[in-house]
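Single-letter residue listing:
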Amino acid sequence: MSKLPEPGNPCSFYVLDLHAFVWRNVTGARQRAPETFARWLGRVMGDQGIQPDQIVAADDSKGETFRHAILREAGRLGGAGYKGDRKQVDPALYAIYERSRALIAEMLGDVGVAVYRAPGFEADDVIATIAELAVHGRWSAIGEDRTTAP
């Protein structure tokens, strides 16, 4: 395998986990994901000169994933099973998360950065697929199979 380009190299390719970024910045003390993201994006695209075609974002799709079906069949969904140990999210916090996620997806679209999601898959799965395609030089093969709104 060849060495990956250093950050800032025009051959670099960045994949952002939109769900994780927003969740981390919404559940933190400041709850300012859109502002934090705008500053980050400004630094990456302005200071480092990264072009929109060098960045993509991956996001969770709504609803259940393929893991739910597998674990339901195995009798391991809920309880101590897949994500069963997570606390219930406060509806007000979740509303902030959803608004922040929509604003950031809109910001990305405004500057020409694609947001990818696939029904039944989490952002991590989308990231793995993008990485696999990019490593094998087939990233452009998925072309317009993307969405730009949550």
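See the structure above.
Residues numbered from 1 in each chain as written. Predicted model: local features only at pLDDT ≥ 70, side-chain atom pairs only at ≥ 80, totals over all residues. Heavy atoms only, no water.

Caption draft 1: Here's a closer look at the packing of aromatic side chains. For the coordinates displayed, the defined rule picks out 6 aromatic pairs. Taken together, a centroid distance of 5.5 Å and an interplanar angle of 40° make the contact between F37 and W40 tilted. Pair noted here: F37 and W40 are both in helix α2 (residues 33–47), with a separation of 3 residues, about one helical turn. Its relative accessible area of 25% is what places W40 among the partly exposed residues. On the basis of an interplanar angle of 45° and a centroid distance of 5.3 Å, the ring pair of F66 and F121 is categorised as tilted. With F66 in helix α3 (residues 66–73) and F121 in the loop between β3 (114–116) and α5 (123–135), this residue pair connects regions lying 55 residues apart in the sequence. Here a set of aromatic residues connected by ring pairs shows up, and it is made of F21, F37 and W40. (Phe/Tyr/Trp six-rings, centres within 6.5 Å; stacked < 30°, edge-to-face > 60°. Helix = DSSP H or I, 4+ residues; strand = E, 2+ residues; numbered from the N terminus. Buried < 20%, exposed > 50% of the residue type's maximum accessible area, 1.4 Å probe, protein only.)

Caption draft 2: Region of the structure containing the nonpolar core. Membership of the largest hydrophobic core comes to 19 residues, with the highest contact counts inside it found for L18, V22, F37, I104 and L108. At 5 residues, helix α4 (residues 91–110) tops the list of elements feeding residues into this core. Beyond its immediate sequence surroundings of up to four residues, I104 is in contact with L18, F21, V22, A33, P34 and F37. Counting residues in hydrophobic clusters, the runner-up holds 7 residues, among them V56, A58, A114 and V126. (Core = buried A, V, L, I, M, F, W, Y, C linked by side-chain atoms within 4.5 Å. Contact = heavy atoms within 4.5 Å.)

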